[in-house]
Structures are given as structure tokens and as C-alpha cells.
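# Analysis of the macromolecular model
For reference, the chains in residue letters:
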Amino acid sequence: MQHNGVRLAALRHHETRDTVRLMAQSDDDLKAQGIAPDSLPALLLVSAWSVHPEALEAILEGEVPAPSFLPPGDFEWHPTAYQQLHLSLTRSELQEQAPTVLPASPK
């Protein structure tokens with residue numbers, strides 16, 4: 001999430017889109033493709049940096065938030081440093097939510 005070019009919050013998972021699509025498939029579907037279900041991660045780990053109230057307050061006052069209230073510059077490169085287990089999804093949860101979680105397949 002950005003405001004006037006300032007990144008206020010960040011959310012990402014650390015698997016490729018292809019891996020997430022495979023994780024969302026049933027074991028039978030994976031086996032039919034010659035993929036061992038155990039070869040996939042059991043959990044889609046999610047990292048997040050929420051909007052800090054101080055950052056929102058600064059914006060409402062027309063100021064730029066202090067860097068300490070913004071996502072750190074290394075957010076993208078440290079998969080577990082900002083990990084939020086309560087946001088992570090198991091393979092079965094991905095399978096249940098696949099239509100809403102996965103982006104549309106390219107044609």
C-alpha cells in the first residue's frame with residue numbers, strides 16, 4: 001500500500017505463482033501430473049508490515065511518516081523476518097480458497 005509514492009504497508013508470500021497454483025491442487029491432481037505432493041511446501045508463508053497508526057496520523061496531517069513507521073527496506077529479501085504465521089495458509093486452506101486467492105491463469 002502506497003500514498004504519494006511512500007510505501008505504508010506490505011504483504012507478500014514467498015513462493016512463486018506456479019508453486020502456489022500447485023499447492024492449491026489436490027494430491028490426486030498432482031499425482032496425475034507426475035508431481036509428488038510431499039515435494040511442495042506444506043504452508044504458504046506470508047510476511048506482512050501493517051500500517052502504523054503514527055504513519056496514518058502523519059499522512060492525515062499532511063506530513064511524510066517517519067521511516068521507522070514504514071516497511072523496512074529489506075522487507076522483500078528476508079522471507080521469515082516479517083513472517084506472520086496467523087496469515088499463512090496450509091495447502092488444504094489454499095485448496096478451499098483457490099478461486100479467490102489465485103490470480104487468473106494466463107490464456
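The structure we're discussing is the one just above.
A short tour of the structure in this document, coming up. (Residues numbered from 1 in each chain as written. Predicted model: local features only at pLDDT ≥ 70, side-chain atom pairs only at ≥ 80, totals over all residues. Heavy atoms only, no water.)

### Quick notes on helix 3 (residues 53-60)
- Inspection of helix 3 places Ala55, Ala58 and Ile59 among the buried residues, and these make up the whole buried set. For helix 3, the arc enclosing every buried residue in end-on projection is 100°, short of the 170-degree limit, so these residues lie on one face. Along helix 3, the residues that are exposed and aim more than 90 degrees away from the buried face are Pro53 and Leu60.
- Buried residues along helix 3 sit against strand 1 (2-3).
- Phi turns positive one or two residues past the end of helix 3, at Gly62, with a value near 80°. (Buried < 20%, exposed > 50% of the residue type's maximum accessible area, 1.4 Å probe, protein only. Helix = DSSP H or I, 4+ residues; strand = E, 2+ residues; numbered from the N terminus. Arc of directions from axis to C-beta. Contact = heavy atoms within 4.5 Å.)

### Section: the packing of aromatic side chains
- One pass over the full model with this rule turns up 2 aromatic pairs.
- Both rings, one in Trp49 and one in Tyr82, keep their centres 6.1 Å apart while their planes meet at 80°; by these two values the pair is edge-to-face. Residue Trp49 is located in strand 5 (residues 46-49), and its partner Tyr82 is located in the loop between helix 3 and strand 6 (89-90); the two are separated by 33 residues in the primary sequence. Here Trp49 and Tyr82 have matching classes, each one buried.
- Ring pairs connect the aromatic residues Trp49, Phe75 and Tyr82, which therefore count as one cluster. (Phe/Tyr/Trp six-rings, centres within 6.5 Å; stacked < 30°, edge-to-face > 60°.)

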